[in-house]
Each structure stands twice: as structure tokens, then as C-alpha cells.
Amino acid sequence: MAYTKHWANQEKLSKEEKAKLEKDGLDILDDIPYYARNGFDSIPKEEWSFFKWAGLYLQKPKEDGYFMMRVNIPSGVMTNEQLKTLAGIAKDYGRDVLDITTRQAVQFHWLQIEQIPDIFDRLEKVGLSSVGACGDIMRTIVGNPLAGIDPNELLDTREIVNDVYHYFQRNRDFSNLPRKYKISISANVDNAQNAEINCLSFVPAVKVIDGKEVSGFHVYVGGGLAAKPHLAKPLNVFVRPEQVKDVTIAVTTIFRDYGYREKRTRARLKFLMADWGPEKFTEKLSEYIELPEKGEERLTGWNAGYFYGVHEQKQEGLRYVGVNVPVGRLHTEELYELVRISDQYGNGEVRTSNSQNIVIPNIPEDQVEAMLNEKLFEHLLPEPKSFMGYAVSCTGIEYCNLALVETKERMKNVADHLDEALSLEVPIRLHMVGCPNACGQRQIADIGLQGIKMKNKDKKMVEAFEIYVGGTLSESAQFNEKLKGKIEAGQLDGVLVQFLQVFKQEKYRGETFHSY
Ligand code: SF4
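Okay, so let's go over this structure. The numbers attached to residues start from 1 for each chain and follow its sequence in the written order. Per-residue local features of the predicted model are confined to residues with pLDDT of at least 70, and side-chain atom pairs are confined, for both listing and counting, to 80 or more; whole-chain, interface and lining totals are unaffected and use all residues. For side-chain calculations, the full set of non-hydrogen atoms in the structure is used, while hydrogens and water are omitted.

1. Quick notes on the overall build of the protein chain
Inference 1: Where helices and strands are cited, they refer to DSSP runs of H or I of at least four residues and of E of at least two residues respectively, numbered from the N terminus. In terms of regular secondary structure, the protein chain is built from 11 helices and 22 strands.
Inference 2: Here the C-alpha radius of gyration of the protein chain, 22 Å, is about what a compact globule of 516 residues would show, namely 24 Å.
Inference 3: Per-residue accessibility, obtained with a 1.4 Å probe over protein chains only, is compared with the maximum for each type, and a residue is labelled buried under 20%, exposed over 50%, and partly exposed between these values. The burial tally for the protein chain puts 61% of its 516 residues in the buried class.
Inference 4: In this description, contact between two residues means that some pair of their heavy atoms is separated by no more than 4.5 Å. Considering only contacts in the protein chain between residues 6 or more positions apart, those separated by 24 or more positions represent 69%.
Inference 5: Each accessible area is a Shrake-Rupley result for a 1.4 Å probe, and residues are judged covered by the shown protein chains and nothing else. On the protein chain, roughly 21300 Å² of surface is accessible, and the fraction owed to carbon and sulfur atoms is 47%.
Inference 6: His residues and chain termini do not enter the charge count, which takes Lys and Arg as positive and Asp and Glu as negative. For this purpose, a charge sits on NZ of Lys, CZ of Arg, CG of Asp or CD of Glu. On the protein chain, the mean spot of the 65 positive side-chain charges and the mean spot of the 74 negative ones are 7 Å from each other. Based on C-alpha atoms, the radius of gyration is set beside the globule rule, defined as 2.2 Å times the residue count to the power 0.38.

Quick look at the structure:
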């Protein structure tokens, strides 16, 4: 393995790294047909963690043998055929549920090993894959949910995203990275990609080269959340659209060869960037690819991945409609309705966003009203309320082995309760997570709710939450900060209502939570 040349010298490889030296994560794809024929009991325990490379995690409790599957949706763009296939999998195997993640991917639950080969076949037939959706490998590529239809985008990034995605899919040169690796490629000027929290991001920029203005990208490296969140740092380079793949290969090679492999908790690219800094990183990158210095960035703000309502597309006479999917969870009936509606009124496409919501594109202007009169949009609202519309939640204890508390249903109930108790003219982004990890991106929320266990006054262990406030990726990007104390889960609604009533009374008109 050529790529062991740097990290083989690291003296104390973590146990996970040692296991990866014995077996490449992608090898699990060759083993799955055997396990599917012989049942869950035929899978040795030490193999369980390799299923991540196939996009599969064991649900809680692991011994029951049910899997969660994450499916890559690069840039969040799904064709009608793909959505129909996903709906079919949810119906036949996934107990009617599909969750949209905070990286535009989708997740099924309750899958059994015997079903996996058929699910792989169905996905492959429509050009979808769960491979690399989890594990120490490049994850799904986040992009502009409006790519190709966005009247403000600097350029259409769909082809670039697909090119990079297919290059890295099942690529064994990059299937043993030090840790998970998240990238985004977007030319959306409102930073719908959440650039600063990815390991590697391409953001819209222009540069005058040979007297001509060229549209391309700036590069941010080393962002990431979890217990030690870091904001990605800009490198002093400008990248032309046709160079994005080569730059991605170069940065990924640097991460693979120089990233830390001794402690899992220090293995993300953000730690290498924190030690090297952007200058050294830029210098190292120049050994792989020659790039000009930065141009002018074209990010104008941050929309956190929200696109509610009806909007003009860059194509005359066409509209896109953004609707809320409460806490990102869809059921089979809704999925089939989306298949029908997007086909009947649009071109069949549906797109996912980082905010766990969807966009239906390409609706002729004169069809919008009829479409929005469909019953489905009594539940998936184009103009949702201040709390439900901006409530994000991770999977939580229902399926996740690391979770300390229940999240999805709880987040929905809390948002419902807040919408009944309070009306605000500005949205409040509430994110709930079941542990210190970052699947619900708690760190960038206006109000982040992180599940913990604590002893109550009767000395009983109960579900509880820490509250964090003030996260944003707008101009002065910052992670939210923890408030003193912990709140028992049962008291969460009441405490939040009181807290937000104070905000409502004291804020001036139009003031957002972050600027408060
Ligand atoms: Fe599980 Fe924690 Fe991720 Fe939530 S944030 S899905 S609890 S690992």
C-alpha cells in the first residue's frame, strides 16, 4: 500500500488503524453476499465496524441485527426514479421511514442483512449508492440544492460534484483515510453548503486572469464539529472549475498521508490544519498542484440551507418551491406523493438541503398554485412556523448506539409547543442532538440542545439537556456557547418558553437570535 509511507512511521497506531491495516473497509462489499445468505449470526463481531464503509451501521442494540443505511445524495439532487426507488426501499424494508440528514443524504432504519443485496441492486439500478456514506472515507458531497436552477449561483456545480463523487466512489487509493472526511462543493452565494464546518469546501469566487474575469472557487480546509469544533480556514489559492477534482485529490492525499492515526479523537483533518495553519497547508498543496493566489470571494451571507416558499429560477417561467419536512422525517405515503407531485407539476426532481428539508424544482409559474393545493402541503409547509420550520434533529436513541436521549419525536414536540406558546417574526434555529457528536450540527444552532444523562433530585438517572446559544456561520461565524446548568428533559419546553419570552420582550423588531 503506497499510502502507508508517512503514517506507517506513527508509532502507536490506534486499534482501529491496526484493524484497517488488516482489511480495507471496502472489502466488506465482497463479504456482504455471504453474510446475507447465512444470516446475522454468521457475521463475526470484529467485522461489524467495517459495515460503515458500505453505509451501514448497526442500530441499538447491536445484537438485534438491525441496520441503519445512509445513502449518498451528492448535492442533494434526486431524480424521480431515484426518489421512487428510495420510497420502495422504505416501504418494503425500512418500516415506512426515511430520514433526511444534515448533509443532504438520506437514511433508512430497520434493515436486515438478508435484505441488503436487493437494496444494493435497487440503488445501483438508479445510480445511487450507500458506499462511503459512513466510515473513514470521503462521505457524500454536500452541494448547492439549487445547482443549475439558482438565479444567483456563480456557476452550475452539478457536473463538478458528480465528477468528484464518481472519482472517489469505491476508490481504494482513498478508502483508508485517518477518519471521516466531509467535503462540499457549491457556488451558492448564500453558503447553503455550510462551508466552514466541512473538512474541505469549495466556495464561489472570481479572479481576473489574463485580463478576463474567471468564475471559480476559493478553498476552505479543516472545519468540523463534534466535541472539539473547528471552523475551516481559507487557503490562499484560486481554483478554476476544471481543477476542483485535482485539488480534491491533492487535499485528500495530504490528509491520507499526513493525517493523525494515533488517537481517533485527533484524527480529523481539522487537527492537522490546527497544527499546520493555512500557510503551511497551502505550501504543502503547492507540491501537488500549482494554483494562483486568491481572487475575490462571492459569498454574500448565510441561509443555513433554508429555501422556504416559491422562488424564481434562473430559467424564465419556472419556479422552485421549498417546503418543510418536520425534523427531516418522511413516511412512505409522503414519499410516493412527492414522486407523483414532482412528476406531475415539475420535471420529477426533488432536492434535499442541509436543513433536512426539500426543494421541488422546475414548476411552471402557472402550476404553482395547483401544486400547493395538494393535500401533502398541509403537512410539508412552504411557510412553516418559526420553531417547527427551523427545528433540526439527529437520529437519537431510537436507533443510534451512541445516543443518551430520545431526540426526533422530542424535538418535534418541543417545536410544536413553542409554536403554540410564542409567536416570533424571526426564525429560531433549534438543533437537538443525542450525544456530544454532531449529526444534528448542534454547534451552529441559535439554540443547541445536547442530550445528557443526569441524576435528578431523587438520585435517579434521567434524560436531560445542556443548552448552548448563539451559533452562526454568518459573517462573524462562531459556535454556540453553553449556558450554566442542565435541564431535565421533562422541563425543557417550559424553560425554553421562559427563555424565549425574555428574548421576545427585549429584542428590537427584526433582531435575530444571533445578534441579540
Ligand atoms: Fe447518534 Fe450522537 Fe449522532 Fe445523534 S449526534 S445520531 S446521538 S451519534
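2. A few points about empty space enclosed by the protein
Where empty space is left can be seen by rolling a probe of water-molecule size over the atoms.
Inference 1: Here a cavity is any set of points on a 1 Å grid over the protein atoms alone where a 1.4 Å probe fits but cannot get out, and a pocket is any open set with protein on both sides within 12 Å along at least 5 of 7 lines; a residue lines the site when it has an atom within 4 Å of a point. Grid points are joined across faces, edges and corners, and a volume is the space filled by probe spheres set on the points. Enumeration over the complete set of coordinates arrives at 4 cavities of 30 Å³ or more.
Inference 2: Taken together, Asn72, Val131, Gly132, Ile137, Met138, Arg139, Thr140, Tyr165, Phe168, Gln169, Arg170 and Phe174 form the lining of the largest cavity.
Inference 3: Across the lining of the largest cavity, the residue classes tally to 6 nonpolar, 4 polar and 2 charged.
Inference 4: Taken as a whole, the second largest cavity spans an internal volume of roughly 60 Å³. Under this grouping Gly is polar, as are all residues other than the nonpolar Ala, Val, Leu, Ile, Met, Phe, Trp, Tyr, Cys and Pro and the charged Asp, Glu, Lys and Arg.

3. Digging into the sheet that holds strand E16 (residues 358-364)
Inference 1: Strand pairing is assigned whenever DSSP identifies at least 2 bridges connecting the two strands. A sheet is described by the order of its strands in space; here 5 strands give the open sequence E3-E15-E16-E13-E12, paired in antiparallel fashion. What marks the edges here is a single partner per strand, and that holds for strand E3 (77-78) and strand E12 (309-312).
Inference 2: Relative to strand E15 (residues 350-352), E3 is paired through 2 bridges, and the arrangement is antiparallel. Opposite Val77, over in E15, you have Arg351 as the bridge partner.

4. Re the site of the ligand
Inference 1: By convention in these notes, a residue is near a molecule or strand provided one of its non-hydrogen atoms lies within 4 Å of it. The ligand sits among Cys394, Thr395, Cys400, Leu402, Ala403, Gly434, Cys435, Asn437 and Cys439.
Inference 2: Within the shell around the ligand, the residues separate by chemical class into 6 nonpolar, 3 polar and no charged.

5. Considerations on the pairing of E16
Inference 1: Burial runs high along E16: 6 of the 7 residues are buried.
Inference 2: As judged from the 5 bridges shared by strand E13 (residues 318-323) and E16, these two strands associate in the antiparallel manner. Across the sheet, the residue bridging to Val321 is Ile360, located in E16.
Inference 3: Summarising the sheet, E15 and E16 pair through 2 bridges and their orientation is antiparallel. Note that in E16 the partner of Thr352 across the bridge is Ile358.
Inference 4: Here E15 hands over to E16 after 5 residues, with Gln356 in that stretch at a positive phi of 65°.

6. Digging into the sheet that holds strand E1 (residues 56-58)
Inference 1: Ordered by their spatial adjacency, 5 strands build an open sheet running E1-E2-E5-E4-E14, and the pairing between neighbours is antiparallel. The sheet is open, and its two borders are formed by E1 and strand E14 (329-331), each paired with just one other strand. Across the sheet, the mean angle from the axis of one strand to that of its neighbour is 25°, orientation sign disregarded.
Inference 2: The pairing of strand E2 (residues 67-71) with strand E5 (residues 106-111) spans 4 bridges and is antiparallel. Angles run from 0 to 180 degrees between N-to-C directions of axes, and those axes are lines fitted to C-alpha atoms, restricted for helices to the stretch in contact.

7. Comments concerning the packing of aromatic side chains
Each aromatic ring pair is characterised by the separation of its centres together with the angle its planes make.
Inference 1: Here is the rule: rings of Phe, Tyr and Trp (six-membered ring for Trp) pair when centre to centre is within 6.5 Å. Planes less than 30 degrees apart are stacked, more than 60 are edge-to-face, and the remainder are tilted. Taken as a whole, this structure holds 17 aromatic pairs when the rule is applied.
Inference 2: Relative to Tyr35, the ring of Tyr34 has its centre 5.8 Å away and its plane inclined at 70°; by these criteria the two rings are edge-to-face.
Inference 3: Note on Tyr35: relative accessible area 7%, which makes it buried.
Inference 4: Here a set of aromatic residues connected by ring pairs shows up, and it is made of Tyr34, Tyr35, Phe40, Trp48, Phe51 and Phe67.
Inference 5: Over the aromatic face of Tyr66 sits the side chain of Arg95, whose NZ or CZ is 5.3 Å from the ring centroid. Placement of a positive charge over a ring is assigned whenever Lys NZ or Arg CZ falls within 6 Å of the ring centre and within 35 degrees of the normal to the ring plane.

8. A closer look at the side chain of Asn72
Inference 1: Assignment of secondary structure puts Asn72 in the loop between E2 and E3.
Inference 2: Looking at Asn72, its side chain comes within polar contact range of the main-chain oxygen of Ser129, at 3.0 Å.
Inference 3: Pairs of N or O atoms are called polar contacts if they sit within 3.5 Å, as long as, within protein, a hydrogen donor faces a hydrogen acceptor (for residues adjacent in sequence, only side-chain-to-side-chain pairs). A polar contact is formed between the side chain of Asn72 and the backbone oxygen of Val131, at a distance of 3.0 Å.
Inference 4: In this structure, Asn72 is in contact with Leu128, Ser129, Ser130, Val131, Gly132, Ala133, Arg139, Thr140, Tyr165 and Gln169, ignoring residues within four places of it in sequence.

9. Focus on the pattern of salt bridges
Inference 1: Salt bridge, as used here: a side-chain nitrogen of Lys or Arg that lies within 4 Å of a carboxyl oxygen of Asp or Glu. In the structure shown here, the tally under the stated rule is 30 salt bridges.
Inference 2: A salt bridge links Glu349 to Arg351, with the nearest nitrogen and oxygen atoms 2.8 Å apart. Judged on exposure class, the residue Glu349 and its partner Arg351 are both buried.
Inference 3: Here Glu463 makes a salt bridge to Arg410, at a shortest N to O gap of 2.8 Å. Remark: Arg410 occurs in helix H10 (residues 408-421) and Glu463 occurs in strand E20 (residues 461-469); sequence separation between them is 53 residues.
Inference 4: Here the salt bridges share partners, and the residues they tie into one network are Glu17, Lys20, Asp136, Arg261 and Arg264.

10. Structural notes on the packing of helix H3 (residues 80-92) against helix H8 (residues 332-345)
Inference 1: Their axes nearest at 9 Å, the elements H3 and H8 cross at an angle of 165°. What the angle tells us is that H3 and H8 run roughly antiparallel. Remark: the crossing between H3 and H8 carries left-handed chirality. From H3, Asn80, Leu83, Lys84, Ala87, Gly88, Ala90 and Lys91 reach across to H8, where they touch Thr332, Leu335, Tyr336, Leu338, Val339, Ser342 and Asp343.
Inference 2: In terms of residue class, the contact of H3 with H8 is made up of 7 nonpolar, 4 polar and 3 charged. For classification, angles of less than 35 degrees are called roughly parallel, those exceeding 145 degrees roughly antiparallel, those between 65 and 115 degrees roughly perpendicular, and all remaining angles oblique. A crossing counts as left-handed when the near helix is turned anticlockwise from the far one by less than a right angle, and as right-handed when that turn is clockwise.

11. Structural notes on the side chain of Asn456
Inference 1: Mapped onto the fold, Asn456 is located in the loop between strand E19 (447-455) and E20.
Inference 2: Within the structure, the side chain of Asn456 is placed 2.9 Å from the backbone nitrogen of Asp458, a separation counted as a polar contact.
Inference 3: Apart from residues lying up to four places away in sequence, Asn456 is in contact with Val462 and Glu488.

12. Some points on the packing of H10 against helix H11 (residues 492-506)
Inference 1: It is at 10 Å that the axes of H10 and H11 come closest, and there the two elements cross at 40°. Considered as vectors, H10 and H11 are oriented oblique to each other. Crossing of H10 against H11: the hand is right-handed. Between H10 and H11, the residues in contact are Val414, His417, Leu418 and Ala421 and Leu492, Asp493, Leu496, Val497 and Leu500, respectively.
Inference 2: The class makeup of the residues in the contact of H10 with H11 is 7 nonpolar, 1 polar and 1 charged.

Any functional reading would require information beyond the geometric quantities listed.
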